[in-house]
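Listed below are the residues making up each chain.
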Amino acid sequence: MLTKRIIPCLDVKDGQTVKGINFENLKYAGDPVDLAKKYSNDGADELVFLDITATNEKRKTIIELVEKVAHEVFIPFTVGGGISDIEDIRAILAAGADKISFNSAAVKNPDIINNCANYFGSQCIVVAIDAKKIDGEYYVHINAGKKNTGIKLLDWAKEAEQRGAGEILLTSMDFDGTQKGFDIPMNSLVSSNVNIPVIASGGAGADSTHFADIFNKTSVDAALAASIFHFDTLPIKKLKGELSKFGIETRKI
């Protein structure tokens, strides 16, 4: 059986880790460098760093902060936010990241997925998708969730795979920050219709059954969370121990 991955996420704004609900009402959640070091030591399988305002502010990812975080972690490290071309990716990988994550840039210019996958390899390319359910259909949103593209979620996920994405980071805007559990229907829809790994994001709470459910009821390969890890509501070591009781294999700490 393939092991499932547990991934903490650092949503970074103005150099600090923040967390909100449904992409709104952001509050301070800690220093990203300190949190990164903690997660690397506590048994996280990977770490995701998202500069969440880079696109809306029309600037690049904060390279200096990426370098500081990379220095503290010894697990795969993904960086996203404000990435729009090969030079951006080269700089971020040189700063210590293992993978990069596209969201808005990929939707606006899908060829960037092909070009970067061909240049760096699909294993480096994560396509992040923020989706919201509207009138019974899931639609892709960009610019930190502020703009509905009108593109259907499954259509875009399949296209991203076809163009060379190595992985999809799928965030439910409806469930984000609610701590009521992951969006099972949305994650099931995507993970059962693509052949690349899917990371489920949005809605994880302190109840370990939220993670057991997303792994048992969908085909996702990993689950990402923020608040519950930042505030030690459900430490990673404890979560992995409880998942083993559900028969879910994770990487040993």
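In what follows, the accompanying structure is described.

Conventions we followed
Residues numbered from 1 in each chain as written. Predicted model: local features only at pLDDT ≥ 70, side-chain atom pairs only at ≥ 80, totals over all residues. Heavy atoms only, no water. Buried < 20%, exposed > 50% of the residue type's maximum accessible area, 1.4 Å probe, protein only. Helix = DSSP H or I, 4+ residues; strand = E, 2+ residues; numbered from the N terminus. Pairing = 2+ DSSP bridges. Right-handed = clockwise from strand over helix to strand, strands pointing away. Contact = heavy atoms within 4.5 Å.

Take the pairing of strand S5 (residues 77–80) next. Of the two faces of S5, the one holding Phe77 and Val79 and the one holding Thr78 and Gly80 are both buried throughout. Sheet topology note: the strand S4 (residues 47–51)/S5 ladder contains four bridges and is parallel. In the strand pairing of S5, leucine 50 is matched with glycine 80. One ladder, built from three bridges, connects S5 with strand S6 (residues 99–102); its direction is parallel. In the strand pairing of S6, threonine 78 is matched with lysine 99. Once you follow S5 into helix H3 (residues 86–94) and on to S6, the crossover reads as right-handed.

Relative to the helices and strands, valine 69 resides in helix H2 (residues 63–72). Taking the relative accessible area as the measure of exposure, valine 69 reaches 0% and is therefore buried. Excluding residues that lie within four positions of it along the chain, valine 69 makes contacts with Pro32, Val33, Ala36, Leu47, Phe49 and Phe77.

Let's shift gears to the pairing of strand S1 (residues 5–13). Where burial is concerned, most of S1 is hidden: eight out of the nine residues are buried. Bridging between S1 and S4 involves four bridges; their strand directions are parallel. Paired with leucine 10 across the bridge in S4 is phenylalanine 49.

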